[in-house]
Amino acid sequence: MDTDFKFPVILFDGVCNLCNASVQWVLKRDKNGVFRFAALQSETGQRLLDRFGLSQETFDTIVLVDGDRIFTRSDAVLELVRRLRFPWSWLYIFHWMPAPLRNGLYTFIARNRYRWFGRQNECWLPRPEWKARFV
């Protein structure tokens, strides 16, 4: 399977309710179809994690893959919103916040996401009209 995509790929925890809701949020706002998606647990997700030397067992971060570049944690979220239309792109202003502070908040939420939002036993399946956006 080819892991070189002409679109940025968002890797997300496929069993996390917060992560699945976030993917749906992006899908509804990404009117130009900029992003593609894959669960971290999927074959594509696992290959991309391996390609960039990231853990294939710990799914505590969103990963944005864009060609040979990767973004994780708060950097991935900020890069994602930067590529959305206004007003969401305006949130990129938070990249000026020190990364340790941003990532500390990100890590706090990531550690508690299952407790606060729950998890599924299986990866979420997209609506038929979104299916082509998943790799």
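Residues numbered from 1 in each chain as written. Predicted model: local features only at pLDDT ≥ 70, side-chain atom pairs only at ≥ 80, totals over all residues. Heavy atoms only, no water.

Undergrad: Sorry, what's going on with the packing of helix H1 (residues 17–29) against helix H4 (residues 99–117) here?
TA: When two helices pack together, their arrangement is given by the angle between the helix axes and the distance between those axes. Taken N-terminus to C-terminus, the directions of H1 and H4 make an angle of 95 degrees; their axes are 8 Å apart at the nearest point. If you check the angle between H1 and H4, you find them roughly perpendicular. The segment H1 lies against H4, with Asn-17, Leu-18 and Cys-19 engaging Ile-109, Arg-113 and Phe-117. (Axes fitted to C-alpha atoms, helices over the stretch in contact; angles between N-to-C directions. Helix = DSSP H or I, 4+ residues; strand = E, 2+ residues; numbered from the N terminus. Parallel < 35°, antiparallel > 145°, perpendicular 65-115°, else oblique. Contact = heavy atoms within 4.5 Å.)

Undergrad: It is not clear to me how the packing of aromatic side chains should be interpreted in this structure. Could you clarify?
TA: Centre-to-centre distance and the angle between the planes together describe a pair of aromatic rings. Per the stated rule, a full pass over the model turns up four aromatic pairs. Between Phe-12 and Phe-134 the ring centres are 6.4 Å apart and the planes differ by 80 degrees, which places this aromatic pair in the edge-to-face class. Here Phe-12, found in strand E1 (residues 9–12), pairs with Phe-134, found in the segment after H4; they are 122 residues apart in sequence, far enough to count as distant. You can call Phe-12 buried: its relative accessible area is 5%. Ring geometry for Trp-25 against Trp-88: centres 4.9 Å apart, planes inclined by 80 degrees, an arrangement best described as edge-to-face. Here Trp-25 is found in helix H1, whereas its partner Trp-88 is found in the loop between helix H3 (73–82) and H4, with 63 residues between them in sequence. Residue class for Trp-25 comes out partly exposed when judged on its relative accessible area of 27%. An aromatic cluster of at least three residues, connected via ring pairs, comprises Phe-12, Phe-37 and Phe-134. (Phe/Tyr/Trp six-rings, centres within 6.5 Å; stacked < 30°, edge-to-face > 60°. Buried < 20%, exposed > 50% of the residue type's maximum accessible area, 1.4 Å probe, protein only.)

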